Amino acid sequence: MTHTMPAPTPDRTRSDDWWRHAVVYQIYPRSFADSDGDGLGDIDGIRSRLDYLVELGVDAIWLSPFYPSPLADGGYDVSDHRAVDPRLGTTDGIRALIEGAHARGLKIIVDIVPNHTSDQHEWFQRALAAPAGSPERDRYVFRDGTGPDGAEPPSDWRSHFGGSAWARLPDGQWYLHLFAPEQPDLNWGNPEVRADLIRTLRFWGDLGVDGFRVDVAHGLAKDLSEPLRSQPNLDRALPLDGTDPLYDRDELDDIYREWRELFDSYSPPLMAVAESWAPPARVWRYARSTSLGQAFNFELSTAAWDAGQFRAVIENGLESARRTAATTTWVLSNHDIVRHTTRYALPAGIDLDAWLLGGGADPAPDRALGTARARAAALLMLALPGSVYVYQGDELALPEVSDLAPEQLHDPIWLRTDGAQKGRDGARVPLPWDATGEHLGFSTATPWLPLPEAFRDLAVATQDADPESTLNLYRAAIRCRALLDPSGDIAWLDAPEGALHFAHPNGWRCFTNFGDAAVSVEIGERILGSAPGMDAGVVPPNATLWYR
Ligand code: GLC
């Protein structure tokens, strides 16, 4: 495959608006690169690979949590939000990483987890030692139980990781945890909680980060008035008027307005992106310029490989961005979902939880098909206006590791559902850097999650040397995207059933064939294709062509 425009990426990261059409690379620090040979990825490991990210052409890095954590939920259980896990590095190490990134024109976004802390957080430990009704307990959500002797939970609220969202203490009181019991929910009605998070944002802002990814952004504000309202169904579609007792409440506006004032006091202003599972019709609220400014649009990650579904997702995303001064975002995979190379290798509509539970054997994924579609989806996504979030390993077309043994699993979903759901570890397996060596260049020690043999052929060094590799496709596509400018309004063009076709105002066109038969497109010049050939405009099944 030859690529027509391998020129260097211009520095688009200087303006205040650098994030609007940025390509952001998500790093799961424990699985990226291990610098000190303990089997755990770390901050210096990331720093040692910055040139890899420059060559990939991304604008920014989003770091999943690297804070001190007992790892009850992969680091999303934070015991000190203004420090670095000593197993991963130091604050000086983060400073050096930020400096190294900035020197290369890369921005750094860090993950903020405001809905809950770890149960090992100093505040929760103090709350446990303090009596019912104390100011220490008021930073969290403590309640007496119901039923005889208060032995029943205060309400029917459910944890995302299985079971009741309430855990009981030996003194009889209960505390709320919408995730694992080791992740007690903070009380956002308490001014001390609000002030402390501002201190945290300021701490990282002053250290030099460029923005924040806000975990469970739709969860902070809760209706805790007595009697607690019933909300037993996690899967229920949330109301469109912001009146659910637990999620997506209108009081969030006030919390994020205060954050936004802080963000705007920096120059350039800090950006933020909400992880909000609010209904698609309300996600735009988090993206307003008085709020976080941008919100994840997860619809691509749940769409099947289908032209109609992709078109609807694209239209919704662009429409939602039009409601605010923001841009939308595109996400195919992240650390919480089955990798898309594998999703696209399986029949549409399959129950992924059941498939994972069976070790990923039935049905066997069609790896070649999954990879072809993943490459086509990447090119389609990278042709769209808005920010593209790439999860580490997407650029290598890594598959989900579906056959981790039960004793290798760490995810609280596995533990809390008593093995009914396998959880997310299969998307968090460390990256293969080299094809040689026992741990494929990730570490000299046994990695915290083992790299499968299937990763060997996908290693960075191998793909680097192969002009047809997915890694080189991503590199070319990200560079072309920057040069072509994705920010214009796209217009849909005629396309046969099972294909999507659109044009940018500058003449850049993108054609994706979701169907089973090759389609001929009349082209001027081919820019880039997700499959070999296509110079004459013949787009094979499961392929995307950029042309003008
Ligand atoms: C977010 C994170 C996920 C974590 C959860 C609780 O959804 O992406 O990994 O388990 O929040 O913090």
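Anything mentioned here points back to the structure above.
Bear in mind the structure is a predicted one, so any value in this text is a computation, not a measurement.

Asker: Go over the sheet that holds strand S16 (residues 526-529), please, and point to the residues and values.
Answerer: Strand order in this open sheet of 5 strands is S12-S13-S14-S18-S16, and the pairing throughout is antiparallel. Looking at strand neighbours, the two that pair on one side only are strand S12 (491-492) and S16, the edges of this open sheet. Pairing of strand S13 (residues 499-503) with strand S14 (residues 509-513), which is carried by 5 bridges, proceeds in the antiparallel orientation. Bridge pairing links phenylalanine 502 to cysteine 510 in S14.

Asker: Give me the lowdown on the site of the ligand, citing residues and values where you can.
Answerer: Asp73, Asp215, Glu275, His335 and Asp336 are the nearest of the 14 residues found near the ligand. Aspartate 73 is positioned with one of its side-chain polar atoms (N or O) 2.6 Å from an oxygen atom of the ligand. Contacts to the ligand include aspartate 215, whose side-chain N or O atom sits 2.8 Å from an oxygen atom. Contact with the protein chains covers 95% of the free accessible surface of the ligand, which is 310 Å². Residue composition of the shell around the ligand, grouped by class: 4 nonpolar, 3 polar and 7 charged.

Asker: Now, about the pairing of strand S7 (residues 211-214): what can you tell me, with residues and values included?
Answerer: The alternating pattern of S7 places Gly211 and Arg213 and Phe212 and Val214 on opposite faces, both of which are buried. Examined bridge by bridge, strand S3 (residues 107-112) and S7 share 4 bridges and lie parallel to one another. Following the sheet pairing, valine 110 is matched in S7 by phenylalanine 212.

Asker: Explain the environment of histidine 21 to me, using residue names and the numbers behind them.
Answerer: On the secondary structure map, histidine 21 appears in the segment before strand S1 (23-27). Assessed through its relative accessible area of 15%, histidine 21 is described here as buried. Distance in space between the C-alpha atoms of histidine 21 and glycine 105 is 15 Å, their sequence separation being 84 residues. A distance of 2.9 Å separates a polar atom in the side chain of histidine 21 from the backbone nitrogen of glycine 386.

Asker: Explain the pattern of salt bridges residue by residue, including any values.
Answerer: Taken as a whole and assessed by the stated rule, the structure comprises 40 salt bridges. As a salt-bridge pair, aspartate 44 and arginine 47 come within 3.6 Å of each other at their nearest N and O atoms. Of this pair, aspartate 44 and arginine 47 both sit in helix H1 (residues 43-48), 3 residues apart, roughly one helical turn. The residue aspartate 336 makes a salt bridge to arginine 428 at a minimum N-O spacing of 3.1 Å. Taken together, the residues span a long stretch of sequence, with aspartate 336 in the loop between strand S10 (329-331) and helix H10 (340-343) and arginine 428 in the loop between helix H13 (412-416) and helix H14 (460-464) at a distance of 92 residues. Given a relative accessible area of 26%, aspartate 336 falls into the partly exposed group. Salt bridges sharing common partners tie together Asp248, Asp250, Asp253, Arg282, Arg285 and Arg288.

The rules behind these values
- Residues numbered from 1 in each chain as written.
- Predicted model: local features only at pLDDT ≥ 70, side-chain atom pairs only at ≥ 80, totals over all residues.
- Heavy atoms only, no water.
- Pairing = 2+ DSSP bridges.
- Helix = DSSP H or I, 4+ residues; strand = E, 2+ residues; numbered from the N terminus.
- Near = heavy atom within 4 Å.
- Polar contact = N/O pair within 3.5 Å; in protein donor to acceptor, adjacent residues only side chain to side chain.
- Areas by Shrake-Rupley, 256 points an atom, 1.4 Å probe, with all protein chains shown as cover.
- Nonpolar A, V, L, I, M, F, W, Y, C, P; charged D, E, K, R; others polar.
- Buried < 20%, exposed > 50% of the residue type's maximum accessible area, 1.4 Å probe, protein only.
- Salt bridge = Lys/Arg side-chain N within 4 Å of Asp/Glu carboxyl O.

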